[in-house]
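Next come the chains, spelled out residue by residue.
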Amino acid sequence: MDKLFERLQVLEDRYAELAELLSDPEVIADTPRFTALSKEMADLRETVEKFRQLKKVQKTIEDDDEMMRAGLDDEEMNEMVKDELSEAKEERTNLAEEIRLLLLPKDPNDGKNIIMEIRGAAGGDEASLFAADLFEMYSKYAERQGWSIEVIDKNVTEVGGFKEIALLINGSKVYSKLKYESGAHRVQRVPSTESAGRVHTSTATVVVMPEEEDVEIEIDPKDIRVDVYRSSGAGGQHINKTSSAVRMTHLPTGIVVAMQDQRSQQQNREKAMKILKARVYDYYSSKEQNEYAENRKSAVGTGDRSERIRTYNYPQNRVTDHRIGLSLNKLDRIMNGELDQVIDALILYDQTKALENLENE
């Protein structure tokens, strides 16, 4: 606790210093500096407020301990002090735990919207149908969260599944809840085309990336090759006679984005650039995440797109998240968008590991 108090006192001192700086006319006149300091102060506010509560509770505990040691003649007063001391110790424990969570390193992307890409992988038609099921699952979860979804690209298979689909999910703290969904999702079930009733195994991959508008990454225009061509579509409907489709290639990474769903070349350019920036950011951040996971062993998964993270077993109505060993016999409810129990468990696991690292520093 002493070590925690020392760390928190440094933060409170900095908070007081920021308050003084933000009242300085020179700082107020310097808009970029004023903005940066205001953000720093806002980031510290909750932690400092909790620390001040913790100090008050600690003072109560010390005063009550002193009274108990001195001895109280009044039995009723003695019981009151005992009760107050017990409640204060419990509050101290709870506050200390809340503060430790607040001290954990913040993921700068947690508050951002996301681009999610879902692709059918191993399993042919069944994999594409499973990709469509995952799309429905995340759509229903987003609706429960009050988020909005916009499909920005899709490739529909003949059986009605998705070879791939990309969507933009907007809302409060979307990335913080869905960032653990990246990886390979495996399904075990009897396909509708299977006459013998045999269970097949298929996979689909999910990639979650922060939306490019919020991503702090600059792409040099010289690093992008842009090709335009005519759109093609099923049945010849809405096919442009002009070259409105766009393919963008990021030369340093080899990442390619093709967009033809929009009606004009400009709209396709905007959508393609949005996805390209997100993919390039994801490419570099995934490399960093792999290094972080290797060095600290605390991340939930490594960010490797081929890593099998979850199995959906239909015959047993079971979902298993392999990273944390969680199994729930609620597949029907989870596929209906009731993902909270899984996501909350992943967040708790990640926080627990991060706290262990914090305590060991």
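Residues numbered from 1 in each chain as written. Predicted model: local features only at pLDDT ≥ 70, side-chain atom pairs only at ≥ 80, totals over all residues. Heavy atoms only, no water.

The name given to the protein in an unreviewed UniProt entry is Peptide chain release factor 1, with Ligilactobacillus pobuzihii as the source organism. Listed in UniProt under the heading Sequence similarities (unreviewed entry), the comment for the protein reads: "Belongs to the prokaryotic/mitochondrial release factor family." (UniProt positions renumbered as here; feature names shortened; annotations may be inferred.)

(A) Looking closely at the overall build of the protein. Along the backbone of the protein there are nine helices and eleven strands. Among the 361 residues that make up the protein, the fraction classed as buried is 42%. Taking as baseline every contact in the protein between residues at least 6 positions apart, the subset at least 24 positions apart corresponds to 61%. Within the structure as shown, the protein displays about 20000 Å² of accessible surface, and the carbon and sulfur contribution to it stands at 47%. (Helix = DSSP H or I, 4+ residues; strand = E, 2+ residues; numbered from the N terminus. Buried < 20%, exposed > 50% of the residue type's maximum accessible area, 1.4 Å probe, protein only. Contact = heavy atoms within 4.5 Å. Areas by Shrake-Rupley, 256 points an atom, 1.4 Å probe, with all protein chains shown as cover.)

(B) Geometry of the pairing of strand β10 (residues 318-321). Relative to β10, strand β9 (residues 308-313) runs antiparallel, the two being bridged by four bridges. Among the inter-strand pairings, tyrosine 312 is bridged to a residue of β10, identified as valine 319. In this antiparallel pair of consecutive strands, β9 and β10, the connection spans four residues, and asparagine 317 shows a positive phi of 50°. Pairing geometry for β10 and strand β11 (residues 326-328), over three bridges, is antiparallel. For threonine 320, the partnering residue across the bridge sits in β11 and is serine 327. (Pairing = 2+ DSSP bridges.)

(C) Region of the structure containing the pairing of strand β7 (residues 245-250). Judged by how many residues are buried, β7 sits mostly within the fold: five of six residues are covered. Looking at chain direction, strand β6 (residues 224-229) and β7 are connected through six bridges and run antiparallel. Within β7, the residue paired with arginine 225 across the bridge is threonine 249. The turn linking β7 back onto strand β8 (residues 255-259) is made up of four residues, and glycine 254 within it adopts a positive phi angle of 80°.

(D) Spotlight on the pattern of salt bridges. Evaluated as defined, the whole model comprises 17 salt bridges. Here glutamate 338 and arginine 144 are joined by a salt bridge, their closest N and O atoms 3.6 Å apart. Taken together, the residues glutamate 338 in the loop between α8 (331-335) and α9 (340-360) and arginine 144 in helix α5 (residues 125-145) connect sequence positions 194 residues apart. When its relative accessible area of 28% is taken as the criterion, glutamate 338 is described as partly exposed. With its nearest N and O atoms 2.8 Å apart, the salt bridge here joins aspartate 321 to arginine 323. Across the pair, arginine 323 and aspartate 321 agree in class, each one buried. Each of the salt bridges in this network shares a partner with another, and the network as a whole consists of Glu181, Arg310, Asp321 and Arg323. (Salt bridge = Lys/Arg side-chain N within 4 Å of Asp/Glu carboxyl O.)

(E) Just the side chain of threonine 253, in detail. With respect to the helices and strands, the residue threonine 253 is situated in the loop between β7 and β8. Residue threonine 253 is classed as buried on the basis of its relative accessible area, which comes to 18%. Separated by 2.7 Å, the side chains of threonine 253 and histidine 250 make a polar contact. Among residues more than four places away in sequence, those in contact with threonine 253 are Val280, Tyr283 and Tyr284. (Polar contact = N/O pair within 3.5 Å; in protein donor to acceptor, adjacent residues only side chain to side chain.)

(F) View of helix α4 (residues 75-103). Compared with the 42 Å implied by 1.5 Å per residue over 29 residues, the 42 Å span of α4 between its first and last C-alpha is a close match. Among all positions in α4, only Asn78, Val81, Leu85, Ala88, Leu95, Ala96, Ile99, Arg100, Leu102 and Leu103 are buried. (Expected span 1.5 Å × (residues − 1).)

(G) Quick peek at the confidence of the model for the protein. Averaged over every residue, the pLDDT of the protein is 82; the share at 70 or more is 85%. Helix α7 (residues 265-296) is the least confidently modelled element of the protein, averaging 69 in pLDDT, while β10 averages 96, the highest of any element. Across residues 234-240 the pLDDT falls below 50, and counting only partners more than four positions away or on other chains, this stretch makes eight contacts in the model. Below a pLDDT of 50 lies the segment residues 292-299, which in the model reaches 13 contacts outside its immediate sequence neighbourhood of four places, other chains included. (pLDDT = per-residue confidence, 0-100.)

(H) Summary view of the packing of helix α3 (residues 31-70) against α4. With their axes 9 Å apart at the nearest point, α3 and α4 run at an angle of 155° to one another. When the axis of α3 is compared with that of α4, the two are roughly antiparallel. When you trace α3 past α4, the crossing you get is left-handed. Split into classes, the residues belonging to the contact of α3 with α4 amount to 13 nonpolar, five polar and ten charged. (Axes fitted to C-alpha atoms, helices over the stretch in contact; angles between N-to-C directions. Parallel < 35°, antiparallel > 145°, perpendicular 65-115°, else oblique. Left-handed = near helix turned anticlockwise from the far one by under 90°. Nonpolar A, V, L, I, M, F, W, Y, C, P; charged D, E, K, R; others polar.)

(I) Representation of the environment of proline 315 in the model. By secondary structure assignment, the location of proline 315 is in the loop between β9 and β10. Sequence separation between proline 315 and valine 190 is 125 residues, and the spatial gap between their C-alpha atoms is 8.1 Å.

(J) The side chain of glutamine 188, seen in detail. Relative to the helices and strands, glutamine 188 is located in strand β4 (residues 183-189). For glutamine 188, a relative accessible area of 17% translates into the label buried.

(K) Seen up close, α3. Look at α3: 57 Å from first C-alpha to last across 40 residues, which is about the 58 Å you get at 1.5 Å a residue. Buried within α3 are the following residues: Leu37, Met41, Leu44, Thr47, Val48, Lys50, Phe51, Leu54, Val57, Gln58, Ile61 and Asp64. In this fold, the buried residues of α3 make contact with α1 (2-21), α2 (25-29) and α4. Phi turns positive, to about 90°, at glycine 71, one or two residues after α3.

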